Amino acid sequence: MIPAAVRSEIAEHARAELPNEACGLLLLDGDHAVEYVAGENASPSPYYFELRLDPVVWADLGDRDVEQAVVHSHVSSPPRPSRTDVERIGLWQGRPYVIYSVRLDELAAWRIAGGAIEPLPLSES
Amino acid sequence: MTVVRIPPTLRTEVGGARQVEADGDTVREVLDDLVDRHPALAPQILQDGGIAPFVNVYVGGEDVRTLDGLDTSVPVGGTVILLPAMAGGSPRPPAGGLPPGRARLRPPRDAPPALVGDPYSHTVPPPLTAAAPRRERREGGLVAGSLLDLIGSTPLVELPRLSPKSSVKLYAKLEGQNPTGSIKDRVAKAMIESAEASGELEPGRALLEPTSGNTGISLALVAALKGYPLTCVIPENATPERKRLLRLYGADLVLSPAAEGSNGAVRLALELAEADPRWFVPFQYANEANPRAHYEGTGAEIVDALERVDVLVAGLGTGGTLMGAGERVREAFPDVIVAAAEPLPGDPVMGLRSLDDGYVPPILDVAKLDRKVLVSNEESVEAMRDLLHLEGLFAGVSAGAVVAVARRLAAELDEGVVVTILADAGWKYLSADFWDADEDAVAASMERTVWW
């Protein structure tokens with residue numbers, strides 16, 4: 001479940017980063033998204049992102065009792081993981097993976113593991 | 001002893017601890033000691049004698065890959081932070097890009113572009129001459145039944161010397177090769193033929209159009225061949241070449257105040273038309289046949305010619321090219337970025353329309369533009385000079401603006417294909433001496449007249 005305020009922070013960040021992809025972390029308390037932490041795209045491109053956050057801030061987030069989900073934007077394609085996303089999932093496999101499509105204004109959540117993509121239910125409030 | 005902070009993604013390997021201890025003077029020694037104590041971490045953080053690709057290691061807040069890598073020294077009592085790297089992206093063709101050398105051109109399709117889903121077909125009836133243009137290729141070359149049949153099907157040319165990097169292919173669609181020398185031939189023909197088809201334009205009526213030049217010249221050609229009289233409302237400071245060309249093609253001119261620019265011509269034309277029902281005003285700013293000509297023509301031609309388009313750049317005038325061609329190219333390449341070259345607000349009479357000037361053409365839906373990139377007069381003239389000097393392409397002022405924007409967007413891509421639509425050639429701007437005057441003279445000249 002993602003509150004409207006958190007969703008609109010993701011959307012605003014994605015629009016602000018156009019024409020490049022935006023990225024950040026969504027903090028989850030159980031099934032409930034509680035906060036969006038905007039990151040920096042270290043490889044600014046309309047087709048690629050590389051999440052960068054201050055390492056100390058990021059490590060401190062890891063010490064809070066919340067789960068982290070990577071969020072990134074697709075400029076014009078639908079919010080479905082690309083082959084690059086699957087190939088580069090790395091240590092985040094099996095965790096919630098959130099994509100926002102700027103053109104479609106759609107948010108979707110996925111789980112990528114073992115090369116497979118599984119949709120996760122996402123409700124907005 | 002060094003503290004190593006462990007991210008949630010790696011805590012299973014260390015029994016759930018948020019941080020652990022390890023010994024060493026360098027990152028290599030600390031990580032070696034760490035995996036000795038927690039062997040399950042080894043495959044996650046070390047690979048091929050280096051740091052695994054999906055892990056970032058920080059000392060003093062710096063990524064050690066940007067320092068001395070595994071040899072980075074770790075201060076006594078310092079902290080090492082491990083974080084899961086994350087990278088990804090939206091769908092695009094396989095890495096590696098286009099092969100070097102000649103770009104891959106698609107063979108022409110046998111069938112014309114499908115009209116299913118044509119966003120303009122429901123608003124405008126099909127033109128009377130819906131069949132393919134009467135062009136025949138005989139042994140001696142191309143023979144057309146009418147000059148109107150030679151409108152469109154313009155060539156694309158690669159601009160390798162203007163691309164900021166070899167991995168990005170930059171193409172220009174040469175609309176200056178239309179019969180009157182501009183992209184507006186497509187629009188004029190489509191507007192008149194759709195008005196004939198709908199019955200709105202009949203023999204005996206006369207055409208009236210506000211234009212700073214190219215559309216008037218194109219309408220003059222089409223009107224002359226079809227037998228309609230044409231009056232153009234044109235800003236009095238339009239270039240002499242344009243006024244002369246319009247008169248030579250047989251158009252009557254009504255001059256609008258220079259200070260009001262293109263918007264003044266629009267205002268005056270609409271006032272005249274309201275006062276006299278004899279006039280038929282095609283009005284390219286609101287005529288759906290304008291974007292439709294670019295959907296069925298300009299855009300379809302690009303899609304047929306290229307296997308891939310990542311960015312499409314055109315000038316923002318009526319919005320017809322960007323809406324129509326943009327729509328068609330997006331249908332074929334959903335990830336394309338449709339970018340408008342827009343003059344800096346306040347840069348006088350640049351010709352391309354600044355939306356801040358206060359008039360948004362009804363056919364323009366700004367939401368369909370992925371980017372609007374502001375471009376100055378100086379950048380446009382510089383790019384226009386580069387087009388001529390580096391690529392031998394004698395193009396108009398808006399072409400300079402479009403190419404300046406295309407080069408900027410190309411520089412942002414790692415690899416890909418950028419297509420520009422160059423609206424006309426340089427002939428009608430010769431009196432301005434853009435190509436070899438010094439910059440101050442060009443700036444002064446820019447302020448005196450309307451360029452398109």
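Residues numbered from 1 in each chain as written. Chains lettered and ligands numbered in written order. Predicted model: local features only at pLDDT ≥ 70, side-chain atom pairs only at ≥ 80, totals over all residues. Heavy atoms only, no water.

### A word on the overall build of chain B
The secondary structure content of chain B amounts to 11 helices and 20 strands. Here chain B holds 452 residues, and the buried ones make up 55% of them. The contacts of chain B with a sequence gap of at least 6 include a subset with a gap of at least 24, amounting to 68%. (Helix = DSSP H or I, 4+ residues; strand = E, 2+ residues; numbered from the N terminus. Buried < 20%, exposed > 50% of the residue type's maximum accessible area, 1.4 Å probe, protein only. Contact = heavy atoms within 4.5 Å.)

### Observations concerning the overall build of chain A
Of regular secondary structure, chain A possesses three helices and eight strands. Secondary structure elements of chain A, listed N to C terminal, follow the sequence α-β-β-β-β-α-β-α-β-β-β. Looking at chain A residue by residue over its 125 residues, the buried ones come to 56%. Taking as baseline every contact in chain A between residues at least 6 positions apart, the subset at least 24 positions apart corresponds to 58%. As displayed, chain A offers around 5,200 Å² of accessible surface, 49% of which is attributable to carbon and sulfur atoms. (Areas by Shrake-Rupley, 256 points an atom, 1.4 Å probe, with all protein chains shown as cover.)

### Examining the sheet that holds strand β7 (residues 79-84) of chain B
Reading across the sheet, the five strands line up as β2-β1-β7-β5-β6 (chain B) and stay open at both edges, with mixed pairing between neighbours. Of all strands in the sheet, those with a lone pairing partner are β2 (19-22) and β6 (62-63) of chain B, marking the two edges. Pairing between strand β5 (residues 55-59) of chain B and β6(B): two bridges, direction antiparallel. Directly across from B:Y58, in β6(B), lies its bridge partner B:D63. Each of β1 (2-5), β5 and β7 of chain B is contacted by helix α2 (residues 55-62) of chain A, which is oriented at about 75 degrees to β7(B), the strand it contacts most. Helix-sheet contacts for helix α1 (residues 27-37) of chain B involve β1, β2, β5 and β7 of chain B, and the interaxial angle to β2(B) is about 115 degrees. (Pairing = 2+ DSSP bridges. Axes fitted to C-alpha atoms, helices over the stretch in contact; angles between N-to-C directions.)

### Quick word on unusual backbone geometry
Positive phi, normally seen in glycine, also occurs at A:D105, with a value near 50 degrees. Checked against the element boundaries, A:D105 lands in the loop between β6 (96-101) and β7 (106-113). Residues other than glycine seldom take positive phi values, yet B:S153 does so here, at roughly 50 degrees. Within the fold, B:S153 resides in the loop between β10 (141-144) and β11 (156-158).

### Some details on the sheet that holds strand β3 (residues 40-41) of chain A
Sheet strands pair by backbone hydrogen bonding; their relative direction is either parallel or antiparallel. The strand order β3(A)-β4(A)-β8(B) describes an open sheet built from three strands, whose pairing is antiparallel. Among the strands making up the open sheet, the edge pair consists of β3 of chain A together with β8 (87-88) of chain B. The sheet contact formed by strand β4 (residues 49-52) of chain A and β8(B) spans two bridges and is antiparallel. When the bridges of β8(B) are listed, A:F49 appears paired with B:G88.

### Considering the interface of chain A and chain B
On the side of chain B, 32 residues touch chain A, which itself brings 38 residues to the contact. Between chain A and chain B the total buried area reaches about 3,300 Å² when both faces are included, carbon and sulfur atoms providing 58% of it. The interface formed by chain A and chain B includes four salt bridges. A salt bridge links B:R11 to A:D63; the nearest nitrogen and oxygen atoms lie 3.1 Å apart. Every element with two or more residues in the side of chain A that touches chain B is listed here: β4, α2, β5 (67-74) and α3 (83-87) of chain A. Looking at the side of chain A that touches chain B element by element, the count peaks at six residues for α2(A). Taken together, the residues that form the side of chain A that touches chain B break down as 16 nonpolar, 10 polar and 12 charged. (Buried area = accessible area lost by both parts, 1.4 Å probe. Salt bridge = Lys/Arg side-chain N within 4 Å of Asp/Glu carboxyl O. Nonpolar A, V, L, I, M, F, W, Y, C, P; charged D, E, K, R; others polar.)

### Quick look at the nonpolar core
Residues and elements named next belong to chain B. Among the nonpolar cores identified, the biggest contains 30 residues, and V313, L387, V418 and L422 are the most heavily contacted of them. Of all the secondary structure elements, the ones that give two or more residues to this core are β12 (168-174), β17 (311-315), β18 (337-343), β19 (371-375), α9 (377-391), α10 (397-412) and β20 (416-422). Residue contributions to this core peak at nine residues, all from α10. Here L422 is in contact with A172, K173, L174, E175, G176, L387, L393, A399, V402 and V403, once residues within four sequence places are set aside. If you look at the next biggest cluster of nonpolar residues, it comprises 25 residues, including A190, M191, L201 and I234. (Core = buried A, V, L, I, M, F, W, Y, C linked by side-chain atoms within 4.5 Å.)

### Remarks on the packing of helix α4 (residues 214-226) of chain B against helix α5 (residues 240-248) of chain B
Residue and element names in this part refer to chain B. Two elements in contact, α4 and α5, have axes separated by 9 Å at closest approach and are oriented at 15 degrees. Between α4 and α5, the angle falls in the class roughly parallel. Note on packing geometry: the crossing formed by α4 with α5 is left-handed. Across the interface between the two elements, N214, G216 and I217 of α4 pack against R242, L245 and L246 of α5. (Parallel < 35°, antiparallel > 145°, perpendicular 65-115°, else oblique. Left-handed = near helix turned anticlockwise from the far one by under 90°.)

### Considerations on the side chain of B:N178
Tracing the sequence through the fold places B:N178 in the loop between β12 and α3 (184-198). The contacts of B:N178, once residues within four sequence positions are left out, are B:L150, B:I151, B:G152, B:T154, B:I183, B:D185 and B:R186.

### Thoughts on α10(B)
Residues and elements named next belong to chain B. Taking 1.5 Å per residue, 16 residues should reach 22 Å; α10 reaches 24 Å between its end C-alpha atoms and fits that length. Within α10, 12 of the 16 residues are buried, which leaves it mostly tucked inside the rest of the structure. Of the residues making up α10, those classed as buried are V397, S398, A399, G400, A401, V402, V403, A404, V405, A406, L409 and A410. (Expected span 1.5 Å × (residues − 1).)

### Topic: the packing of aromatic side chains
Residue and element names in this part refer to chain B. If you walk through the whole model with that rule in mind, you get three aromatic pairs over all chains. Between F283 and Y285, the ring centres sit 5.5 Å apart and the planes meet at 50 degrees, which makes this aromatic pair tilted. In this pair, the class of F283 matches that of Y285, namely buried. On the basis of an interplanar angle of 80 degrees and a centroid distance of 4.9 Å, the ring pair of F394 and W427 is categorised as edge-to-face. In this pair, F394 is assigned in the loop between α9 and α10 and W427 in the loop between β20 and α11 (439-448), connecting sequence segments 33 residues apart. When the ring centre of W279 is taken as reference, the NZ or CZ atom of R278 above it lies at 4.5 Å. (Phe/Tyr/Trp six-rings, centres within 6.5 Å; stacked < 30°, edge-to-face > 60°. Lys NZ or Arg CZ within 6 Å of the ring centre and 35° of its normal.)

Read these as geometric descriptors, not functional statements.
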